[in-house]
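Residues per chain, in single letters:
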Amino acid sequence: MPPPTPPADLLPGYPAADRWRRVPRTGQHYVDTGSGPPVLLLHGNPSWSYQWRHLMAALAPDFRCVAPDLAGLGLSPRPPAPAAPLDRHLLQLDHLDALFDHLVADRGVPRDGWTLVLHDWGGPLGWAWARRRALRPARVVVLNSVCFPWPAGYRLPVYLRWIRDHRGVAALAHATNFFPRAAVRGGVVAPLGRAERRAYLLPLARGADRRAVVDFVRGIPRDDREEAWRLLEPDDDGTGLGTAPLFVGWGMRDPVFTPLLLREWESRFPHARVHRYPDAGHYVMEDAADRLGRDVRGFLSSTERG
């Protein structure tokens, strides 16, 4: 079941309720706003489509923005938890399949010409889903995320390792909603307003609605020997993910996705257009909202296929 739907007036800046939709097969909640070539925006954990409100406002005049809530997060239903981390990730890919098929069959969205905008867990999930569908994206935008195993020398912050590796700490994090509460404060450099913090946390008000937050952390792979990384094989299957026009926007004060990971992007994808935001944290779309909106809009416009 999905969490209670909050009144739109408790979600400042979020698209109006007449833009909210649900996928018939899964009940997944998504926002559909704007018109033009399709843009799929995938959030991470612990977040939901609310994080995209500024970027959607910047893009919607010329692009059709589709921003789903991943299964178990935001206003999407809380499905039963698969036993294995890999199965949880595959569940997310199944929900993205259902969303894509619904948009193409029922909502008039073209099958081709998509732009992917990926943040945090949205990066590996979006990359893996595009590969599974043999989708040839028109462009890819990556914001503080990965699509490859952790590079040598990277170390996950200790509080995430505690939640991932210790069931007792994970249970405490679930009970207290610690991780989302910390993220809305520590994930930004410029403090969010009280109303915005509340909006981020509303879908997690009940303990029964928080399981996916901890499951995502518990599913973070330790190294490239873990099977979850099998979703991210080298780009040699003709999907074009590795050669599509690529924008990498990076909040340089992110405690999780550090500059070391940005350097890995630059090494693996030398054709990428890289934008650094020195005064932005993990939620770069909050700290650098205006600049990011202009930069991404300019990138999409300059690479639009005639």
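Owing to the predicted nature of the structure, the values given are computational and were not obtained by experimental measurement. (Residues numbered from 1 in each chain as written. Predicted model: local features only at pLDDT ≥ 70, side-chain atom pairs only at ≥ 80, totals over all residues. Heavy atoms only, no water.)

Caption draft 1: Focus on the pattern of salt bridges. Evaluated as defined, the whole model comprises 15 salt bridges. In this structure, D62 and R297 form a salt bridge, with 2.2 Å as the shortest nitrogen-oxygen distance. Within this pair, whereas D62 is found in the loop between helix 1 (53–59) and strand 4 (64–68), its partner R297 is found in helix 11 (residues 289–302), the two being separated by 235 residues in sequence. The class of D62 is partly exposed, set by a relative accessible area of 38%. A salt bridge links R211 to D215, with the shortest nitrogen-to-oxygen separation between them at 3.0 Å. Residue R211 and its partner D215 are both found in helix 8 (residues 211–218); the two are separated by four residues, about one turn of the helix. Since its relative accessible area comes to 16%, D215 is described here as buried. Among the charged side chains, a network of salt bridges with common partners joins D94, D97, D101, R132 and R133. (Salt bridge = Lys/Arg side-chain N within 4 Å of Asp/Glu carboxyl O. Helix = DSSP H or I, 4+ residues; strand = E, 2+ residues; numbered from the N terminus. Buried < 20%, exposed > 50% of the residue type's maximum accessible area, 1.4 Å probe, protein only.)

Caption draft 2: Highlighting helix 3 (residues 122–132). When you tally the buried positions in helix 3, you get ten out of eleven residues, the bulk of the element. Contacts made by the buried residues of helix 3 are with strand 3 (38–42), helix 2 (85–106), strand 5 (115–120), strand 6 (139–145), helix 8 and helix 9 (259–268). One or two positions beyond helix 3, positive phi appears at A134, with a value near 55 degrees. (Contact = heavy atoms within 4.5 Å.)

Caption draft 3: Representation of helix 4 (residues 158–165) in the model. Every buried residue of helix 4 is accounted for by L160, R161, I163 and R164. The buried side chains of helix 4 occupy one side of the element, clustering within an arc of 165 degrees when seen end-on. The secondary structure elements touched by the buried residues of helix 4 are helix 5 (167–176), helix 6 (178–186) and helix 8. (Arc of directions from axis to C-beta.)

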